[in-house]
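# Structure at a glance
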Amino acid sequence: RTSGVVTHWNIVRGERLFTQNMTVFKGDVLVSGIVSFQDKEHHAVGAEGEVYVDYWLETDFTVPKKIYYESVIPIGWKLYDFNISEAIANKLSSFDEFLKIEKVTKTTKHEVTLNEDTIDTYLLPILEHKLLSKSPANTVIKSQKILHVDVVDDTVKGKVLFLINENIAQYQPFLQGDD
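Quick summary incoming for the structure in this document. (Residues numbered from 1 in each chain as written. Predicted model: local features only at pLDDT ≥ 70, side-chain atom pairs only at ≥ 80, totals over all residues. Heavy atoms only, no water.)

Let us look at the nonpolar core. With 23 residues, the main nonpolar core has Phe18, Val24, Leu30, Phe61, Leu123 and Phe162 as its most contacted residues. Beyond its immediate stretch of four places on either side in the chain, Phe61 contacts Leu123, Leu127, Val149, Val156, Lys157, Gly158, Lys159 and Val160. (Core = buried A, V, L, I, M, F, W, Y, C linked by side-chain atoms within 4.5 Å. Buried < 20%, exposed > 50% of the residue type's maximum accessible area, 1.4 Å probe, protein only. Contact = heavy atoms within 4.5 Å.)

The structure is reproduced here in structure tokens:
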């Protein structure tokens, strides 16, 4: 899907056509589904697996200067009990099915004004979360660097550079002829 430097892989089937720390480019065949034996015979076995690469992604952002969010604060636990007869209580060794324990929480609202001190604490995690929510599973952000930030009126604009590790392998069917 994209170019990058190979970090690790998990090949289930097929022949690997790359090495670790090798730069691969968008469109390269990473794992061949055709395996050759003694350089004479070729067998179609299919290719399946994952190839993870590191690559840099530059992204622009525009957010309001004031950010509002809510946080959940645990307060304690509540125990709900039900009355049962003594005869039933004597027959039961456990009361788990008659008791309900619930965690009690409180929601607190917060307001943060973004400035040079709060960008790393509040803005970068928001941008990381947004990026990861749109990425495939097992994607990892290894590093991030703020390239540029401008605070204009009630808006914060800028660019961030992310170092991402992601599985870039894509399945591509191949034709085997008419057999």
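Once you've had a look at it, read on.
Should their charged atoms come close, side chains of opposite charge can pair. What the rule picks out here adds up to five salt bridges. Between Glu48 and Arg13 there is a salt bridge whose closest N-O contact spans 3.3 Å. Residue Glu48 is found in strand E7 (residues 48–64), and its partner Arg13 is found in strand E1 (residues 4–13); the two are separated by 35 residues along the sequence. Taking the relative accessible area as the measure of exposure, Glu48 reaches 40% and is therefore partly exposed. Looking at Arg13, the relative accessible area reads 40%, which means it is partly exposed. If you follow the salt bridges from partner to partner, you end up with Glu58, Asp60 and Lys159 in one network. (Salt bridge = Lys/Arg side-chain N within 4 Å of Asp/Glu carboxyl O. Helix = DSSP H or I, 4+ residues; strand = E, 2+ residues; numbered from the N terminus.)

With respect to the helices and strands, Val5 occurs in strand E1. Judged by relative accessible area, Val5 falls into the partly exposed class, the value being 31%. In this structure the C-alpha to C-alpha distance between Val5 and Met22, which are 17 residues apart in sequence, comes to 5.5 Å. Ignoring sequence-local partners within four residues, the contact set of Val5 consists of Asn21, Met22, Thr23, Tyr52, Val53 and Asp54.

Turning our attention to the sheet that holds strand E10 (residues 140–152). The five strands are arranged E3-E1-E7-E11-E10 in an open sheet whose pairing can be described as antiparallel. Single-partner strands in this sheet number two, and they are strand E3 (23–24) and E10. Sheet topology places E10 next to strand E11 (residues 155–167); 11 bridges connect them, and they run antiparallel. What sits directly across from Lys145, in E11, is Leu161. Against the sheet, helix H2 (residues 119–133) engages E7, E10 and E11, with an angle of about 120° to E10. (Pairing = 2+ DSSP bridges. Axes fitted to C-alpha atoms, helices over the stretch in contact; angles between N-to-C directions.)

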